[in-house]
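Architecture at a glance
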Amino acid sequence: MGDFVSPHIHFYFPTAPLRPYTPLKGEASNVWFDRLSITPDVPEHDESLAEIGEEVKLLVNNIVNSGVPLNRIIIGGFSMGGALALHSAFRFTPGLAGVFTLSSFLNKNSAVYSGLKSETTPLYMAHGERDTMVPISWGKKTFEELSKLNVKGEFIPLVYTLHELKTGELQGLFKWINQLLPPLETDSEN
């Protein structure tokens, strides 16, 4: 996977904070936000989403303050990280260059749908066809709901893929990232 390098792009891989997680009977786990259950049929946990949303805004603001324009930042994640990325791009930090999710979904009555602030952020969603933890139908439904709100993007079903990351999936994602963030003239001068 040595192709996941680009001299004009910086990658940040934050770790989810340790917090009580309801699906694990309140046991502490590294998760971005709490869920009442791992299903789109329950309400979102607004308090923990708002809390982590502030942390994401702070991270993005720090990157912007370092000299990277908001329209040169892409945010994304796997599973719950992808759901957080959707909240971030469409609610907390509108104006990003793009947003991606890998095997992710939003709850049926997600605040993203009612609070969408920027439908112009391009979306890339990839999802394992054999994912039993987060069925592909949940990801497709999320994509369909966002499309109804004029979000433009693509949904990529991944054959023979469970709730996991695979090399081909990451290569497709990296190709999409490089299309959205080509080198700037000043990038090639550095």
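The model shown is predicted, which means the values in this text are computed figures rather than measured ones.

An order of β3-β4-β5-β6 is seen for the four strands of this open sheet, with the pairing classed as parallel. Taken across any chain shown, the strands that pair with only one partner, and hence form the sheet edges, are β3 (74-78) and β6 (153-158). Shown here is a sheet whose adjacent strand axes are inclined to one another by a mean of 10°, direction ignored. The pairing of β3 with strand β4 (residues 98-102) spans five bridges and is classified as parallel. Across the sheet, the residue bridging to Ile-74 is Gly-98, located in β4. Across the sheet, helix α4 (residues 136-148) is in contact with β5 (123-128) and β6; its angle to β5 comes to roughly 165°.

Any empty space left between the atoms is revealed when a probe the size of a water molecule rolls over them. Approximately 1100 Å³ is the volume found for the largest pocket. In terms of lining residues, the largest pocket is bounded by 42 residues, among which His-10, Phe-11, Tyr-12, Ile-74 and Ile-75 are the most central. Looking at the lining of the largest pocket, the elements that each hand over two or more residues are α1 (46-65), β3, α2 (80-92), β4, α5 (167-180) and α6 (185-189). Split into classes, the residues belonging to the lining of the largest pocket amount to 29 nonpolar, ten polar and three charged. Each pocket or cavity is described by its volume, and for the second largest pocket that value is around 160 Å³. Tyr-21, Val-31, Arg-35, Ile-38, Ser-79, Met-80, Phe-105, Met-133, Val-134 and His-163 are the residues that line the second largest pocket. Partitioned by chemical class, the residues of the lining of the second largest pocket number seven nonpolar, two polar and one charged.

Calculation criteria
Residues numbered from 1 in each chain as written. Predicted model: local features only at pLDDT ≥ 70, side-chain atom pairs only at ≥ 80, totals over all residues. Heavy atoms only, no water. Pairing = 2+ DSSP bridges. Helix = DSSP H or I, 4+ residues; strand = E, 2+ residues; numbered from the N terminus. Axes fitted to C-alpha atoms, helices over the stretch in contact; angles between N-to-C directions. Contact = heavy atoms within 4.5 Å. 1 Å grid on protein atoms, 1.4 Å probe; cavity = no way out; pocket = protein on both sides within 12 Å on 5 of 7 lines; lining within 4 Å. Points joined across faces, edges and corners; volume = space filled by probe spheres on them. Nonpolar A, V, L, I, M, F, W, Y, C, P; charged D, E, K, R; others polar.

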